[in-house]
Amino acid sequence: MARSYLDIKADIAAPATAPGRAALAVVRLSGPGAIALCSPCFSGRRALSALPGYSLAQGFFVDPASGERIDQVVVSVFRTPHSFTGEDSVEFSCHGSPAVVLRVLSVLESQGFVPALPGEFSFRAFVNGKADLVQAEAINELSGAFCETARQDALARLSGLLSSRLAAIRTNCLDLLAGIEARLDYPEDEGPEDEGAVRAGLLEMESSLVELSEGYAGSRLRREGALVVLAGRPNAGKSSLFNILVREERAIVSPEPGTTRDWIEAWMELGGYALRLVDTAGLRAADGGIEAEGVRRSLGLAEIADILVYLVDGRQKLSAVDDDFLAPRAGVLKVWNKIDDPACSPVPPEWIGLSSKTGAGIQSLKKVFLSRLGSGLPDTAARREAQVGLAGERQKLLVDRALDSVRKALSSLELAATLDVLALEMREAASFLGEITGEILGDEVLERIFGSFCLGK
Ligand SMILES: Nc1nc2c(ncn2[C@@H]2O[C@H](COP(=O)(O)OP(=O)(O)OP(=O)(O)O)[C@@H](O)[C@H]2O)c(=O)[nH]1
Ligand SMILES: [Mg+2]
C-alpha cells in the first residue's frame, strides 16, 4: 500500500545526496525510533544509542544480522527536538558509491526503516513547527538554486523574511476582523469612526498585497532565470552575438543568409542571474519547408521571451520585415550590428550600436540586460532583502485571491453593505494568507506540495 506523508510515526530513511559516484554520500534517517533502530548498525568506540545530540562519531556501518562491515562511516546524531525534522535523526556519511548506499539502505530497511517519500523530511519539519510552508519551500528552492539570485532569495525566504511580511498583513487583517466581529455581536457599539479605521487598514493591506503581486515577475526571473531571444533577418549577426555572449563557438556563423535553420540555446550567467540565451533562424519570407518552420519557431520564441533582442545589419537599410517585426513589439531591445565595418550607417537613436565581430558595445548591451532584469541598482544586502518576493505560482495565486477579497471588502464599505459581507471577505483574505505559510491547509494540498521536493530533503 502506498505510504502517506501523514504516517508520521514511521521511521524513514533516504539518501540525501545525488545517486552516482562521489567522494561521500549521506544517508539520512528520522523518526521516533530512528536512533534505537539504527544503533545496532554502527560499530564504534561508543554505542550509537549512547551518543548525545549534536555529536559525531567515526566507525563502521555493519549488517547486524551477519556482523559484516559494509563501510567506514561518520555518524551524526540529532536528538528531538533539536534536529531539522524536530524528531530523533541520524545521518551516516558513507563513501559515495551506489554499491555502498544501496547496501546501507537495504540493511536499514531490514531494521524497520521505510524509504522516505520526496520532501518527507521537510514535511516533518513543517508539521513539527520547525519551518512554515514558505520556509519549507525555500529549503527545496535552495537545493535547486542554479543561479546566485535564486540562492540569495531562497535563503532570505528561509530566514523568514517573506513569512514575516505575510504575517504582518494577516495580523492586520485579523485585528480588523476582530473589531468587526465584536460590532456584529454588539451592534449598539457601532460608530462611524471605526469605518475610517477599517478603510485605512484595508487600503494598507491592499497596497502591501499589490506590491507582492507586482513584484512576482521580477522574483520569478531571479529564481528561474530569464529567456533572452536573439531575433532578426538572416545575416544580421545573431549567431555571432550568441557565440560572443556565451564565449564559445556554439552556433555556426557564415556569410550565407539562412545559416541557422533551427533555434539553439545556451545558459549564461550575468550579475548573478541565469540567462537562457536563444539564437533563432533569420526572419524572412520563406516558401515553406524547413526554413518556414524555422521562421515560425523564431516568432514563437519571440512571443515568450523575457528579453527580446532584435539585430539588424547596420550596413543595410531597415526593411519591411524589420518594420513589421518591430511595430507591434514595444519592449524590443534594438541592436545595430556591425559598427566595426566602415560601410555601417550611424547608429540611430534608441538603438544600441554593437559589433559581434570585435565585441565593441557588448558591455553596454549587458548593462541594458541587467537593468531590464531589475538589477540596475547597487547590489546591497538591504536591497536584496527588500526585494524578497513570492516564490512560485502557488504563493502568487493565493496573494491574488487575498487581494481580490480585500478589494471586495473595500467595495462593500463603499456600497454601505452589511458588516456580515465585510467580515466574510476579510475572513476569506485571512484564510488565503494563512494558506501561503501553511497555518490553514488541507492534507491533500500538503502532500502535493511536498511531493514535488527532492528525495532525502
Ligand atoms: N563586420 C562584421 N561582420 C559580422 C558581424 N557580425 C556578424 N558578421 C558577419 O555576418 C555574417 C552573418 O553572421 P551570422 O552570425 O551567421 O548571422 P545570423 O544572423 O546568425 O544569420 P542566419 O543564421 O543566416 O540568420 C558572417 O559572415 C559574420 O562573420 C559584425 O559585427 N561585424
Ligand atoms: Mg545564425
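Small disclaimer: the values here were computed from a predicted structure and weren't measured. (Residues numbered from 1 in each chain as written. Chains lettered and ligands numbered in written order. Predicted model: local features only at pLDDT ≥ 70, side-chain atom pairs only at ≥ 80, totals over all residues. Heavy atoms only, no water.)

In this section: the site of ligand 1. The environment of ligand 1 is made up of 22 residues, and the closest members are Lys238, Ser240, Gly258, Thr260 and Asp340. At a separation of 2.9 Å, an oxygen atom of ligand 1 approaches a polar backbone atom of asparagine 235. Here an oxygen atom of ligand 1 sits 3.3 Å away from a polar atom, N or O, in the main chain of serine 254. Here the residues of the shell around ligand 1 sort into 5 nonpolar, 12 polar and 5 charged. (Near = heavy atom within 4 Å. Polar contact = N/O pair within 3.5 Å; in protein donor to acceptor, adjacent residues only side chain to side chain. Nonpolar A, V, L, I, M, F, W, Y, C, P; charged D, E, K, R; others polar.)

Examined against the element boundaries, serine 43 turns out to sit in strand 3 (residues 42-44). Residues serine 43 and proline 64 lie 21 residues apart in sequence; the distance between their C-alpha atoms is 9.6 Å. The contacts of serine 43, once residues within four sequence positions are left out, are Gly59, Phe60 and Val62. (Helix = DSSP H or I, 4+ residues; strand = E, 2+ residues; numbered from the N terminus. Contact = heavy atoms within 4.5 Å.)

With that settled, consider the coordination of the magnesium ion (ligand 2). Every protein donor of the magnesium ion (ligand 2) is accounted for by Ser239 (OG) and Thr260 (OG1), and the metal-donor separations fall at 2.0 to 2.1 Å. Of the two residues, serine 239 sits in helix 9 (residues 238-246) while threonine 260 sits in the loop between helix 9 and strand 9 (264-270), which places them 21 residues apart along the sequence. Each member of the pair serine 239 and threonine 260 is classed as buried. (Donors = N, O, S within 2.8 Å, 3.2 Å for Na, K, Ca; no water. Buried < 20%, exposed > 50% of the residue type's maximum accessible area, 1.4 Å probe, protein only.)

Moving on: the packing of helix 9 against helix 12 (residues 362-372). One can describe the packing of helix 9 onto helix 12 by two numbers: an axis separation of 12 Å at closest approach and a directional angle of 80°. Put simply, helix 9 runs roughly perpendicular to helix 12. Taken together, the residues of helix 12 that come into contact with helix 9 (itself represented by Leu241, Ile244 and Leu245) are Ile362, Leu365, Lys366 and Phe369. Looking at side-chain class alone, the contact of helix 9 with helix 12 contains 6 nonpolar, no polar and 1 charged residues. (Axes fitted to C-alpha atoms, helices over the stretch in contact; angles between N-to-C directions. Parallel < 35°, antiparallel > 145°, perpendicular 65-115°, else oblique.)

So, about the domain arrangement of the protein chain. What the domain assignment reports for the protein chain is domain 1 (12-131), domain 2 (139-215 + 390-438) and domain 3 (223-372). The gap between the C-alpha centroids of domain 1 and domain 2 is 41 Å. (Domains from an automatic or database assignment.)

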